[in-house]
Amino acid sequence: MKCCLVLIGCLPGLVLFAAEPEKMASQNPSPMVEHTRKHPRLKEEHPPGRRETLKIGTLFLPEKLPAGEAPLLVHFHGGTWIPEVAAAKAPCAVISVQVGSGSAAYAKPFVEAAAFGKLLHEAETKAGRKFAPVVLSAWSAGYGSIRAILKAPENYRQVDSVILLDGLHCGYVDGKPGPAESRLVTPDLAIFVQWALDAAAGEKQFLLTHTEIFPGTFASTTEKADYLLQQLNLQREPVLRWGPLGTQILGEARRGRFHALSFAGNSAPDHIDLLHALPELLQEIDMRVEQQPHRPSNSRRAPSGRGASVSIHVF
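Since this is a predicted model, take the numbers as computed values, not measurements. (Residues numbered from 1 in each chain as written. Predicted model: local features only at pLDDT ≥ 70, side-chain atom pairs only at ≥ 80, totals over all residues. Heavy atoms only, no water.)

Q: Can you help me understand the confidence of the model for the protein chain in this one?
A: Note that predicted coordinates carrying low pLDDT should not be read in detail. Looking at the protein chain, pLDDT values average 85 and 82% of them are 70 or higher. Contacts from residues 4-26, a stretch scored under 50 in pLDDT, to residues over four places away or in other chains number 64 contacts. (pLDDT = per-residue confidence, 0-100. Contact = heavy atoms within 4.5 Å.)

Q: Explain helix α1 (residues 81-89) to me, please; I cannot follow it from the model alone.
A: Counting along an α-helix, one turn takes 3.6 residues, and residues three or four places apart therefore face a common direction. The buried fraction of α1 amounts to seven of the nine residues, a majority that puts the element mostly inside the structure. For α1, the full list of buried residues reads W81, I82, P83, E84, V85, A86 and A87. Elements in contact with the buried residues of α1: β3 (49-53), β4 (58-62), β5 (70-76), β6 (93-97), α8 (268-276) and α9 (278-281). (Buried < 20%, exposed > 50% of the residue type's maximum accessible area, 1.4 Å probe, protein only. Helix = DSSP H or I, 4+ residues; strand = E, 2+ residues; numbered from the N terminus.)

Q: Looking at this structure, I do not really get the sheet that holds β5. What am I missing?
A: Two orientations exist for strands paired in a sheet by backbone hydrogen bonds: parallel and antiparallel. With respect to topology, 10 strands assemble into an open sheet ordered β3-β4-β6-β5-β7-β8-β10-β13-β12-β11, the strand pairing being mixed. On the outer flanks of this sheet lie β3 and β11 (237-242), each paired with one strand and no other. Neighbour-to-neighbour, the strand axes of this sheet turn through a mean angle of 20 degrees, independent of strand direction. Both β5 and strand β7 (residues 131-139) contribute to a ladder of six bridges, which runs parallel. (Pairing = 2+ DSSP bridges. Axes fitted to C-alpha atoms, helices over the stretch in contact; angles between N-to-C directions.)

Q: Please clarify how the nonpolar core should be interpreted in this entry.
A: Side chains of a nonpolar character, in soluble globular proteins, are inclined to be buried together. Within the largest apolar cluster, 60 residues are counted, with the highest numbers of intra-cluster contacts made by L59, V74, F76, L136, L164, F206 and F258. Per-element accounting of this core gives the leading share, eight residues, to helix α6 (residues 190-200). Non-local contacts of F76, meaning those with residues more than four positions away in its chain, are made with V97, Y106, F110, L136, S137, A138, W139, G142, S145, I146 and I149. L261, F263, L274 and I285 belong to the second largest nonpolar core, which has 26 residues in total. (Core = buried A, V, L, I, M, F, W, Y, C linked by side-chain atoms within 4.5 Å.)

Q: Could you clarify how one ought to interpret the pairing of strand β13 (residues 258-263) in this entry?
A: With six of its six residues buried, β13 lies for the most part within the structure. Alternating residues of β13 divide into F258, A260 and S262 and H259, L261 and F263, and every residue in both groups is buried. Inspection of the sheet shows strand β10 (residues 205-210) paired to β13 by five bridges, in the parallel sense. Paired with L207 across the bridge in β13 is H259. In textbook terms, the turn of a hairpin is the stretch between consecutive antiparallel strands, and for strand β12 (residues 248-255) and β13 this stretch comprises two residues, one of which, G256, has a positive phi near 60 degrees.

Q: Any chance you could explain the side chain of H210 here in plain terms?
A: Mapped onto the elements, H210 comes out in strand β10. Exposure remark for H210: the relative accessible area of 2% places this residue in the buried category. A distance of 3.1 Å separates a polar atom in the side chain of H210 from a polar atom in the side chain of T222. For H210, the contacting residues outside a window of four places in its chain are D166, T221, T222, A225, R236, L261, S262, F263 and L274. (Polar contact = N/O pair within 3.5 Å; in protein donor to acceptor, adjacent residues only side chain to side chain.)

Q: Help me out: how do you make sense of the packing of helix α4 (residues 143-150) against α6 in this one?
A: The geometry of a pair of packed helices is captured by two quantities: the angle between their axes and the separation between those axes. Two numbers describe how α4 lies on α6: the axes approach to 9 Å, and their chain directions differ by 75 degrees. Between α4 and α6, the angle falls in the class roughly perpendicular. Residues Y143, I146, R147 and L150 of α4 touch α6, and the partners they reach there are I191, F192 and W195. (Parallel < 35°, antiparallel > 145°, perpendicular 65-115°, else oblique.)

Q: What am I meant to see in the pattern of salt bridges here?
A: Side chains that differ in charge, positive against negative, can pair when their charged atoms come close. Applying the stated criterion across every chain yields a total of 14 salt bridges. A salt bridge links D273 to R41, with the shortest nitrogen-to-oxygen separation between them at 2.6 Å. Highlighted residues: D273 in helix α8 and R41 in the loop between β2 (14-16) and β3, separated in sequence by 232 residues. D273 gets classed as buried once you look at its relative accessible area, which sits at 2%. Note that D174 and R183 form a salt bridge whose closest N and O atoms lie 3.6 Å from each other. R183 gets classed as partly exposed once you look at its relative accessible area, which sits at 40%. Because the salt bridges share partners, they merge into one network encompassing R37, R41, D270 and D273. (Salt bridge = Lys/Arg side-chain N within 4 Å of Asp/Glu carboxyl O.)

Pasting the structure below:
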């Protein structure tokens, strides 16, 4: 199943997709405006630094990036300037990848297991330096790239951290939710369950964020977050506090280097909030080169294989 939230006209010149069924089913549309609270946006800027065009994406080296080996962020979907702002603030290098609409479009360039390694090699060659640790982030449909990349064991070992910004999708077993607990197509989530288990054990790092948007014809990011927490036997704690850019955090779960944040909102502006939050959320990721552990080649953890049902928690 390809997945995509259809949000048209949210950013100038950009049509945004997160999930798109093979046969497009009518989606319960998210409101395009929302007046409960303000939705401040970052001012578009292009930090000083060096940019290199890659076969897939664009490499940006911020002007103040220290010499030598450097951390690398690889971001999928949502434009190039926000990831560059995040990289300049970190600081770290960044590869911004924009390849079209729908999670399938983002998965396609990385179906070949060696594709991600080739991208990193090309970036290191053009930069004239090595990159480590490697952090993958995705907003909305961009999760398709991360899922495809992590399925290859050599890529799984090379990546240290993952950030998902309201972007983790799969279908319903019966094609529709409920009526009580929804049954998810959980094989689509297996690699993220594995990553969450390793993060909880301290071997990887995983920052998972989601809103309250329920598309209706495919599973929501809330339901997927619930499923991951279920596999970790981890309870979400209700909280009420401000998040980045005036967002509201309603729930939180943490174990080891796994951290899940539940954000208020079921509209298109709430979805876009989390893209604009990237520069601040990236600050949570430990990208110090000297802190990265050396992992054995067989460090991949098998998914727990629990059932497909997911409990929907009410805060």
